[in-house]
Every structure is written in structure tokens, then in C-alpha cells.
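What the coordinates show
This is what each chain is made of:
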Amino acid sequence: MIPYGKQLIDQTDIDAVVAVLKSDFITQGPAVAQFEEKLASFTHSKFAVAASNATACLHLACLALDVGPQDTVWTSPVSFVASANCALYCGAKVDFVDINLADGLMCIKALDKKLQWAKANNCLPKVIIPVHLAGQSCDMQAIKNLTAPYNIKIIEDASHAIGAKYQNSPVGNCQYSDICVFSFHPVKIITTGEGGIATTNNAHLANKIKQLGSHGVTRNPDLLTEDHGPWYYEQQALGFNYRLTDIQAALGISQLDKLSAFIEKRNELADYYNTRLKQLAVTPLAQHSQCYSSYHLYVIQLPSNVDHRQCFEKLRQHKIGVNLHYIPIHLQPYYKKLGFQTGDFENAEAYYKKAITLPLHPNLTRSDIDYICETLAKILSENA
Ligand SMILES: *Cc1c(COP(=O)(O)O)cnc(C)c1O
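Procedures and definitions
- Residue positions are counted from 1 within each chain, in the order its sequence is given.
- The predicted nature of this model means local features are confined to residues of pLDDT at least 70 and side-chain atom pairs, given and counted, to a pLDDT of 80 or more, with totals for whole chains, interfaces and linings taken over all residues.
- Values reported for side chains reflect all heavy atoms of the structure, with hydrogen atoms and water molecules removed beforehand.
- Secondary structure elements follow DSSP: runs of H or I no shorter than four residues count as helices, runs of E no shorter than two count as strands, and numbering proceeds from the N terminus.
- Each radius of gyration is computed over the set of C-alpha atoms, and the globule rule expresses the reference value as 2.2 Å times the number of residues to the power 0.38.
- Relative accessible area decides the class of each residue, using a 1.4 Å probe on protein chains only: under 20% of the type maximum gives buried, over 50% gives exposed, and in between gives partly exposed.
- Contacts: residue pairs with any heavy atoms within 4.5 Å of one another.
- Accessible surface area values rest on a Shrake-Rupley calculation with a 1.4 Å probe, where residue burial reflects the displayed protein chains alone.
- For the purpose of counting charges, residues Lys and Arg are taken to be positive, whereas Asp and Glu are taken to be negative. His and the chain ends are not included.
- Lys charges are placed at NZ, Arg charges at CZ, Asp charges at CG and Glu charges at CD.
- Between N-to-C directions, angles span 0 to 180 degrees; the directions come from axes that are lines fitted to C-alpha atoms, helices contributing only their stretch in contact.
- Any angle from 65 to 115 degrees is called roughly perpendicular, while one under 35 is roughly parallel, one over 145 is roughly antiparallel, and all others are oblique.
- Note that Gly is not counted as nonpolar here; it falls among the polar residues with everything else outside the nonpolar set of Ala, Val, Leu, Ile, Met, Phe, Trp, Tyr, Cys and Pro and the charged set of Asp, Glu, Lys and Arg.
- Two strands qualify as a pair provided DSSP detects at least 2 bridges between them.
- If the strands point away from the viewer and the path from the first strand over the helix to the second runs clockwise, then the crossover is right-handed.

1. A word on the overall build of the protein chain
- Scanning the protein chain from N- to C-terminus turns up 13 helices and 15 strands.
- Its C-alpha atoms give the protein chain a radius of gyration of 21 Å, near enough to 21 Å, the size a compact globule of 384 residues would have.
- Within the protein chain, the fraction of its 384 residues that count as buried is 54%.
- In the protein chain, once contacts between residues fewer than 6 apart in sequence are set aside, the share between residues at least 24 apart is 73%.
- In the form shown here, the protein chain has an accessible surface area of approximately 17,000 Å², with 52% of it arising from carbon and sulfur atoms.
- Distance from the positive charge centre (33 side chains) to the negative charge centre (35 side chains) of the protein chain: 5 Å.

Given below as C-alpha cells:
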């Protein structure tokens, strides 16, 4: 099976991990801070705080922005469930803003309309979480402009988008957001096994994320309220153990060196897909000129006369490891129990009926893509 995504680990990665295993600290040593510094520098942000995964980062980001039971958080229905669950962890309500069918990203018109409705009904969200689906940034400037009058905070779910650019600047610089979150799960662009990082330009938010991710405890002399002696630490909030290990951070540091090469390769392969698929009746996600995608995923949409499920099954039968990103979150049984129903977000649901993720990772070859596109062409002609 050609997998839809796969990590690329080489000997330098292995050596970096082994070096930490042989050192004094396998967790809470120097590697995490080095990884954080390197990532802040890469994304042009002031601070980066690592955690055990991106889901933990999203949870910490919501907590740092004081999301609680009185609050509502909006995100995209076309995402992994973690984008919405983070708000529920804080006891908050979740609601969604529909997507554009063409690019799968949060629809600016739908956001504008929903903000006006929410203002009239006194239920504006405290935080909005745009999702950079497949590695292409949402229109962050537009989202910032629309939400700023209401002081709505912004967390970018950039789990797919490390290495991507928006308006020629790296995603993660937080120019139009408060916090930006990346994932290092092995299917993502670079990996630490499990892992995530939150970037921000706000020292207060960075401190809060750091502290809440380590039991709510601090040893930072600037933050202590008392001083009992050199052993002293304080628990100032109810936090969690969401720490990344030095073993993982070492892998992250080493992987970060390869990030630009990975992104170039992904873009090159996506371009090749684009030319190969031009003759077929399928539509890749629309790309915007102000964006440079990290191409975490290569998603196509099928024409409506093609049986989606049958096409998907046939591709799998031909050993092509296609996938579907995503089942709309509001259609998950857990979310239906919260009151969401079919019909709530029409574009998200239309997208779900047509979308297929084709394999894309740095070790994929042009001949793999030839095989995938030829197989797809055959299936489409049988299906029509
Ligand atoms: C992978 C992913 C997450 C969660 O990342 P983890 O590091 O696995 O916790 C959150 N949001 C999106 C959009 C993702 O793709």
C-alpha cells in the first residue's frame, strides 16, 4: 500500500536521539529549550512552548486565553476533532463556521454573517480557531479584521502548516493571531513521535502555556509570590503534565533542519499531481496567491456523478492508501448529542461527500504519482 503520509527519519535523526539517551537528561533537560528557540526563530515568533502533542497545545492555548464555562469557541467543521475538543475540555461551548467548498478553509463571508448574528443574539465567541487545512493558511488578515472589533482572540490550528507561508511570512509568526499551534505527529510534516508546539509574541501567554503544561507549577523567580529558599516552587494554577521529553525534542531539532527540503519536495510533487490530474474531472483544493502551502495533504474533490465510496474503495484495492480529511466534526455522534445535526454546515457536508486525500510525502516518487493518476483515470472512466 502506498501510504497517504509517512515520516522520513534518517541516520542524523537517529544519532540525535541516541545522543540524548546517553546524556544526563532524557526529559526536562536542555533539548526542549533548544527546540523551542529554534522553532521560534524559524517561525519569526517571540516565543515557542513545546508540549506532548498539538491537542495539548490547543487545550493550553484555550486555558491561557481564559476560556471557561461561560464562553463559546468557534472553529471549522472540516478538521480533526481536536480543533473543537480543546474548547470542551475547558467547559466552553463549541460552534462552527462553514468552509469554502473550493479550498476547504474557513469562509470569510460565513464568518462575517455569523458574527453579525452572534452580536445580535449576544453570543459572540471568546476565541476563534481557524484551521489551515492541508497546509494552506486561512485568510488570517480578513479573520483578524472581522473579529478585532469584538476583541475575539485567535488561535491558529496550524497542525498541518509548519513551513507554510502567508503573505510571504512564515505561518506561526502570529501577526494576525494570539497563538499558533503545530503538530509533530508522524503523519505531519516533521515529527517528534508525539509532540506539538505553540508560538506567540505575548510573554504573558507564553508563561501561562508553559506553566499550565507543567502542573501549574513555576520556578521562575519573576513569577514567584514568596521565597522560601533555593528549593522553592509554587503551584499557582491547576495545570497538567503535558511536557515534551528531551528525546522527542532532539528528534524535532534534527527534523527541523530538513523542513525546508521536505516542503520543497511536497510542493514539487503537488505540482506534478496538478499537471497529471488536469485531464481528469477531479478538482484539487484551490490555492491562493498570498499562500505557500506546506502540502501536508493533497486533497481532490470528485465530480458529483462519481460514486465517492466506490472510487475510494477501488483506489484502496489498487494499494493506494487514500484517506478522507475530514468527517465534519458536527456530524460525529458525540457532537450530534450536543445538538448539531445534518444540514447545519452545508459546504462542509458537500465537501465530505466529494473529498479524497491522495498519498503525498517526501519519499513518494513521480512514478508512484503516475500509477495513482492512471489508476484514478481508469476508475473514473468505469464509474462514469
Ligand atoms: C493532527 C491534528 C491535531 C492534533 O495533533 P496531535 O499532535 O496529534 O495532538 C489537531 N488539529 C489538526 C487539524 C490535526 O490535523
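2. Observations regarding the packing of helix α5 (residues 108–120) against helix α6 (residues 140–147)
- At a minimum axis distance of 10 Å, the contact between α5 and α6 shows a crossing angle of 10°. One finds that α5 runs roughly parallel with respect to α6. Two secondary-structure elements touch here, α5 through Ile-108, Leu-111, Asp-112 and Leu-115 and α6 through Ala-142, Ile-143, Leu-146 and Thr-147.
- Classifying every residue of the contact of α5 with α6 by side-chain character gives 6 nonpolar, 1 polar and 1 charged.

3. Side note on the sheet that holds strand β15 (residues 355–358)
- The strand order β12-β14-β15 describes an open sheet built from 3 strands, whose pairing is antiparallel. Each end of this open sheet is capped by a strand with a single partner; those strands are β12 (283–284) and β15.
- In terms of strand pairing, strand β14 (residues 298–301) meets β15 through 4 bridges, oriented antiparallel. For Gln-301, the partnering residue across the bridge sits in β15 and is Ala-355.

4. Side note on the sheet that holds strand β13 (residues 291–292)
- Ordered in space as β7-β6-β13, the 3 strands form an open sheet in which the pairing is antiparallel. Looking at the sheet topology across the chains shown, the edges are occupied by β7 (169–170) and β13.
- Both strand β6 (residues 165–166) and β13 contribute to a ladder of 2 bridges, which runs antiparallel. Along β13, the bridge assignment pairs Lys-165 with Tyr-292.

5. Let's talk about the side chain of His-296
- Here His-296 is to be found in the loop between β13 and β14.
- When neighbours within four sequence positions are excluded, His-296 is seen to be in contact with Ala-134, Gly-135, His-160, Val-187, Lys-188, Ile-189, Arg-266 and Leu-360.

6. Some thoughts on the pairing of strand β2 (residues 72–75)
- Of the two faces of β2, the one holding Thr-72 and Trp-74 and the one holding Val-73 and Thr-75 are both buried throughout.
- The pairing of β2 with strand β3 (residues 93–96) spans 4 bridges and is parallel. Residue pairing in the sheet places Val-73 in a bridge with Val-94 of β3.
- Read from β2 through helix α4 (residues 82–89) to β3, the crossover connection turns out right-handed.
- In this structure, β2 lies alongside strand β4 (residues 127–129), joined through 3 bridges in parallel fashion. Pairing of Trp-74 across the sheet is with Ile-128, part of β4.

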